Number of protein chains: 2
Amino acid sequence: MDEKGVDSIMNILVESRIRLVIADDHEVVREGISAILSHQPDMRVVGMASTGPDAVSLCGRREPDVALLDLHMPQTDGVETIKQIGDVSPQTRIVVVTVYDGDEYVRRAIKAGAISYVLKSAPREDLLLAVRKAHLGLRHLSGGVVDGLAATRGEPVLTPREREVMELIAEGLSNHDVAVALNVTLRTAKAHATSIFRKLVVTDRTQALRVALRRGIVRWM
Amino acid sequence: MDEKGVDSIMNILVESRIRLVIADDHEVVREGISAILSHQPDMRVVGMASTGPDAVSLCGRREPDVALLDLHMPQTDGVETIKQIGDVSPQTRIVVVTVYDGDEYVRRAIKAGAISYVLKSAPREDLLLAVRKAHLGLRHLSGGVVDGLAATRGEPVLTPREREVMELIAEGLSNHDVAVALNVTLRTAKAHATSIFRKLVVTDRTQALRVALRRGIVRWM
DNA sequence: CGCCGCCTCCCCCCTTCGGGTGATGACAAA
DNA sequence: TTTGTCATCACCCGAAGGGGGGAGGCGGCG
């Protein structure tokens, strides 16, 4: 093979690399993911962002094959960001990379359009596999995530109204204040609370807050 | 200057680099910190660990100038790890690198022997500055951390017993169960709870849990 | 020494919470 | 249509939570 042939093959290889965008508010994490991925011969990081809106506009401009996205960024609703990226760059597969393994986070992210969910604590193989599978349109979930989902499978899910009440409880509101906030009577607020406690298998609002935080039913800051 | 001269100067430079150990349970974070620091001409990463005990033994073997330590690692008490590193490698300066900005975390880490406290969300300059200052024995705190400490300065501090009660409350125990757990009467448990609520400026245990989590008075998982 | 903070316990009082049980209308799926 | 879920509201009632005040022992500290 002559020089030209090698060159064109090289070009094809470079051009066919998986084009990646990384979005995370922690610089060390961006650098870490970038360091791991950009050493892969079949991958290429084409942009990084540190906020949700930046990530959206970046994906709109670069239209990457895969976007790695942290759900938790300041002034950013992770789920909303996923949807917006889907709007501006429909062919981009979104891999959520985060520390949260609450099953509600996973559920919502997947529902919003994310194809995969990888934990920051996962080994790098997991991350690499998720990216490559995502590029092929295949779903991939970190081990811990799958366990979490399996453990809660079949468990009752909070209704929208109940989740709303749960969020107010998580903010420290009493049943009375919840009732006022939602423009319902105290009885109704209590009924929702009781239903929530039953579903979360707890006996009071403090325990409910614990479970809701762990499960990702309410977000923390 | 001849070749040999250049070589020996290079050797001196390399040998005089700040020797670093990185401990974090998230591989992407380890890689990120490593990527940022190892590109600095005056720094050199001599080891990485992913658990507290590993970090301790690693510091014992390598005796680095600076150890970057995440407070939150599985099966690991961050404060205890700091103390142990101080024991096995007294000349190592410990820089805590973490996501938590609760002032109690900072207080405890500093008290246990950490010289600095940097947030993962801080810009890389902050991290680099902290490492260089730590090497010189100078304290450095991330901006957000300083604010957090300033905001709570002069505020009442929970007594040891109160913190103990707060932790039980955070685990979802009722006043009665707290009393049983601590082998005191219900009145005493309630008295502690009341005192805690007054100090945290809240009206009930659910709000107390919120504040305690945010302030780092109790740890989450 | 006296003072103060901490921990312990006690009293009374009222509010809030949570369980049990039941009911209504709305709306959607089968 | 029947069935089911959801959201709303209701009653009773015991348990728990929380505020107020007070008090004794104990240890540190000026």
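Not measured: the values here are computed from a predicted model. (Residues numbered from 1 in each chain as written. Chains lettered and ligands numbered in written order. Predicted model: local features only at pLDDT ≥ 70, side-chain atom pairs only at ≥ 80, totals over all residues. Heavy atoms only, no water.)

## Overview of the confidence of the model for chain A
Low-confidence regions, as indicated by low pLDDT, have predicted coordinates that should not be scrutinised in detail. Counted only if it meets this: A residue's pLDDT is simply how confident the predictor is in it, with values from 0 to 100. Helix and strand definitions here come from DSSP, where helices need a minimum of 4 consecutive H or I residues and strands a minimum of 2 consecutive E residues; each element is numbered from the N-terminal end.
When pLDDT is averaged along chain A, the result is 86, and 88% of the positions lie at 70 or above. Predicted confidence in chain A is weakest over helix α7 (residues 143-152) of chain A, with a mean pLDDT of 55, and strongest over strand β3 (residues 66-69) of chain A, with 96.

## Concerning the relation of the copies chain A and chain B
Note the following rule: Least squares is the method used to superpose the copies, on C-alpha atoms of residues holding a pLDDT of at least 70 in both. Contact criterion: two residues are considered in contact whenever any of their non-hydrogen atoms come within 4.5 Å of each other.
Placing chain A over chain B gives an RMSD of 0.2 Å and needs a rotation angle of 180°, together with 0.0 Å of translation along the axis. What the superposition gives is, in effect, a two-fold axis relating one chain to the other. Within chain A, the C-alpha atom positioned nearest to the axis of rotation is that of A:G32, 1.6 Å from it. A share of 100% of interface residues in chain A that are also interface residues in chain B marks the association as one of identical surfaces.

## Some details on the protein's contact with DNA strand C
Put simply, the rule reads: One heavy atom suffices: a residue is near a molecule or strand as soon as one of its heavy atoms comes within 4 Å of it. Residues adjacent in sequence count toward polar contacts only when both atoms are side-chain atoms; beyond that, a polar contact is any pair of N or O atoms within 3.5 Å, and within protein one must be able to donate a hydrogen and the other to accept it.
Near DNA strand C, the surroundings consist of 17 residues, among which A:K190, A:R205, B:T159, B:R161 and B:T188 are the closest. Sugar plus phosphate: this is where 76% of the atoms of DNA strand C within 4 Å of the protein reside. Between DNA strand C and B:T185, the relevant distance is 2.9 Å, taken from a phosphate oxygen to a main-chain nitrogen or oxygen of the residue. B:H192 is positioned such that a nitrogen or oxygen atom in its side chain is 2.7 Å from a phosphate oxygen of DNA strand C. Looking at the surface near DNA strand C, the elements with two or more residues in it are α10 (186-200) of chain A together with α8 (160-170) and α10 (186-200) of chain B.

## Observations concerning the sheet that holds strand β5 (residues 116-119) of chain B
Residue and element names in this part refer to chain B. This is how the line gets drawn: At least two bridges found by DSSP between two strands are what make those strands a pair. Axis definition: a line fitted to C-alpha atoms, limited for helices to the stretch in contact. Angles are taken between N-to-C directions and run from 0 to 180 degrees.
Ordered by their spatial adjacency, 6 strands build an open sheet running β2-β1-β3-β4-β5-β6, and the pairing between neighbours is parallel. Unpaired on one side and paired on the other, β2 (43-49) and β6 (140-141) mark the two borders of the sheet. Bridging between strand β1 (residues 18-23) and strand β3 (residues 66-69) involves 4 bridges; their strand directions are parallel. Its bridge partner lying in β3, V21 is registered against A67. The strands that helix α2 (residues 27-38) touches are β1, β2, β3 and β4 (93-98); relative to β2, the one it contacts most, it runs at about 165°.

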